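A closer look at the structure
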Amino acid sequence: MSGQIALTIKENVKILEQRVGLHQSFDVLFREMEFGGHKTGLLYLNGFAKDEVLTEVIQRLTYLRRGELEPDALKSLIGHFIPHIQVEEVSSMDEAINKVLAGGSALFVENQTCAIIIDAKKFPVRGLEEPSTEKVVRGAKDGFIETMLVNVSLVRRRIRDPRFKTEMMKVGRRTMTDVCLGYIDDIADLQLVESVRKKLADIQIDGIPLADKQLEEALIRKGWNPYPLVRYSERPDVVAAHLLEGHVILFVDTSPSVIILPSTFFHHTQHAEEYRQTPFVGTYMRWVRFFGIFASLFLLPLWFLFVIQPDLTPPAFDFIGPDKKSNLPIILQFLLSEIGIDLLRMAAVHTPTPLATAAGLIAAILIGDIAVQTGLFVNEVLLYTAVAAVGMFATPSYELGLANRIVRLALLLSVALFKVPGLVVGATLFILLLTVQRSYNTPYMWPFIPFNAKAFLSLLIRLPVLSVTRRPSINKTQDSTKQPPKNTN
């Protein structure tokens, strides 16, 4: 059977030719040697093998004399002669191949039905650098990269707690992507951990080459809901803070982002910079960010409503509304400007960095100015669209900002069609949509709905560290205290 390791090296070569394309794929190599009177074969991938380590192992084995591996060659090799810290024995060809495809090297020994896995691997990696989407003025500048072991180490460096557990599993029948489930076992809700573990094991899919995003869709199965039900972070300090609050995290190999769950709407509105400043400054920054998020949702629909129904405009805001007529309806101007901003955003992503600034200037100065001068657009349309766009970009979560944009377009269309009832009904449906959402049985609008006064206060105000004595109740943590009780004696 192909699942078994053959007794002879020649038979194993035939199996490997069928299973992994040995002698067909240029990067699949099989080095045949003889050590201590035993024929051996070393299977490895050329791009993953750590040459200096394997060379050291082979050099040590060349000193073996005939008979030194008796009576049990495998036990002798593992226990005495392979100078490497990560060595294990596997009993099936399937397991050996999977280990090699994950970067290890498999040593087959003649007349042995097991193989030795030497975990001497290296992956092409980039250096640690600050995440572009979660920058801070002060604080750590290291961020996650595409190698999972490095990412786990960055978090482990910040949480030196033996109860921080990391469980490895594989997802994808063909990609066999490494996924690591992380949690602190005396803080996290173990029912949540078991639920996540079971759902990961139940995922039946060819693979997740796009890593974390495909894993999220397979795990959450939220369908067409535009709002993110998990939080992504590229910062080890942010992930460590969530672990201490009782969250569960998922590392996915080849992804520089870590999935944090459960998450609420307000988790996506927080940023590490708030905790890198004083509580007063952090609170101010949080309120400015809330204003930006509110503006990105409701500024354009409200202004549009005042334009099409001037009798609703308060006397103090009589200046609101276009002074000149344009050749295009206001709603069409909004839609075109929104599409224009999306095109600019996509162009900035696909444009080399030195040219991105020039492209932005061309769009802002030439296209915008000419559109106003020719009478196609109104100045105020571009102004309020720009303010709403700034509010979207000020949203810490990229996914939340995009979802808010979809809601803003829907509210604009509802105001255009139904005026005041359209705005009222649209906003109500928006709140109801968020209220009924749940992230792993966690209310999405907590602590606003259902209302929790203490948690809502900590949401509005960035409290001093020593004032936060308990973990969020929504996580159902085993240990809810973040600080030992004060001694009153």
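Above this text sits the structure in question.
First, a word on what this report is: a plain description of the structure on this page. (Residues numbered from 1 in each chain as written. Predicted model: local features only at pLDDT ≥ 70, side-chain atom pairs only at ≥ 80, totals over all residues. Heavy atoms only, no water.)

1. Details of the sheet that holds strand 1 (residues 28-35)
Strand order in the open sheet made by the five strands is 1-2-4-5-3, with antiparallel pairing throughout. Strands with a single pairing partner mark the edges of an open sheet, and in this sheet they are strand 1 and strand 3 (87-90). Averaged over neighbouring strand pairs, the angle between their axes works out to 25 degrees when direction is ignored. Note that strand 4 (residues 105-109) and strand 5 (residues 115-118) share four bridges and pair antiparallel. By the bridge assignment, Ala106 is partnered in strand 5 with Ile117. The sheet contacts of helix 3 (residues 73-81) involve strand 2 (38-45), strand 3, strand 4 and strand 5, and relative to strand 4 the element is tilted by about 140 degrees. (Pairing = 2+ DSSP bridges. Helix = DSSP H or I, 4+ residues; strand = E, 2+ residues; numbered from the N terminus. Axes fitted to C-alpha atoms, helices over the stretch in contact; angles between N-to-C directions. Contact = heavy atoms within 4.5 Å.)

2. So, the nonpolar core
Val179, Leu200, Leu215, Tyr227, Leu250 and Leu261 are the most contacted members of the largest nonpolar core, which totals 43 residues. With residues near it in sequence (within four places) discarded, Leu200 still touches Met169, Val171, Val179, Leu215, Leu219 and Leu250. (Core = buried A, V, L, I, M, F, W, Y, C linked by side-chain atoms within 4.5 Å. Buried < 20%, exposed > 50% of the residue type's maximum accessible area, 1.4 Å probe, protein only.)

3. What about the pattern of salt bridges?
Using the criterion set out here, one finds 26 salt bridges in the structure. Salt-bridge contacts for Glu129 lead to Arg126; the nearest nitrogen and oxygen are separated by 3.1 Å. The partly exposed category is assigned to Glu129, whose relative accessible area is 45%. Given a relative accessible area of 30%, Arg126 falls into the partly exposed group. Connected through salt bridges with shared partners, the residues Glu130, Lys141, Arg235, Asp237 and Arg276 form a single ionic network. (Salt bridge = Lys/Arg side-chain N within 4 Å of Asp/Glu carboxyl O.)

4. Some details on the pairing of strand 1
In this structure, strand 1 lies alongside strand 2, joined through eight bridges in antiparallel fashion. Of the residues in strand 2, the one forming a bridge with Glu32 is Gly41. The hairpin formed by strand 1 and strand 2 contains two residues between the paired strands, and Gly36 there has a positive phi angle of roughly 55 degrees.

5. Considerations on helix 4 (residues 93-101)
Those residues of helix 4 that fall on the buried side of the exposure criterion are Met93, Ala96, Ile97 and Val100. Down the axis of helix 4, the buried set is contained in an arc of 95 degrees. They therefore lie on one face. At its buried positions, helix 4 is contacted by helix 1 (9-19), strand 2, strand 3, strand 4 and strand 5. At the exit of helix 4 stands Gly103, carrying a positive phi of roughly 120 degrees. (Arc of directions from axis to C-beta.)

6. What to know about the environment of Pro262
By secondary structure assignment, the location of Pro262 is in the loop between strand 10 (258-261) and helix 9 (279-308). Spatially, the C-alpha atom of Pro262 lies 13 Å from that of Gln191, the residues being 71 residues apart in sequence. Here Pro262 is in contact with Leu192, His247, His267, Ser439, Tyr440, Thr442 and Asn475, once residues within four sequence places are set aside.

7. Considerations on the side chain of Glu274
Here Glu274 shows up in the loop between strand 10 and helix 9. For Glu274, a relative accessible area of 0% gives the class buried. One polar contact links Glu274 to Arg289, side chain to side chain, over a distance of 2.5 Å. If sequence neighbours within four positions are ignored, Glu274 has contacts with Thr269, Gly282, Arg286, Arg289 and Arg462. (Polar contact = N/O pair within 3.5 Å; in protein donor to acceptor, adjacent residues only side chain to side chain.)

8. Points about the sheet that holds strand 7 (residues 177-184)
Pairing in this open sheet of five strands is antiparallel, and the strands run 6-7-9-10-8 from one edge to the other. Looking along the sheet, the strands with just one partner apiece sit at the ends: strand 6 (164-171) and strand 8 (231-233). Here the strands of the sheet are splayed against their neighbours by 25 degrees on average, with no regard to which way each runs. Bridge count for strand 7 against strand 9 (residues 248-252) is four bridges, and the pairing is antiparallel. Opposite Cys180, over in strand 9, you have Phe251 as the bridge partner.

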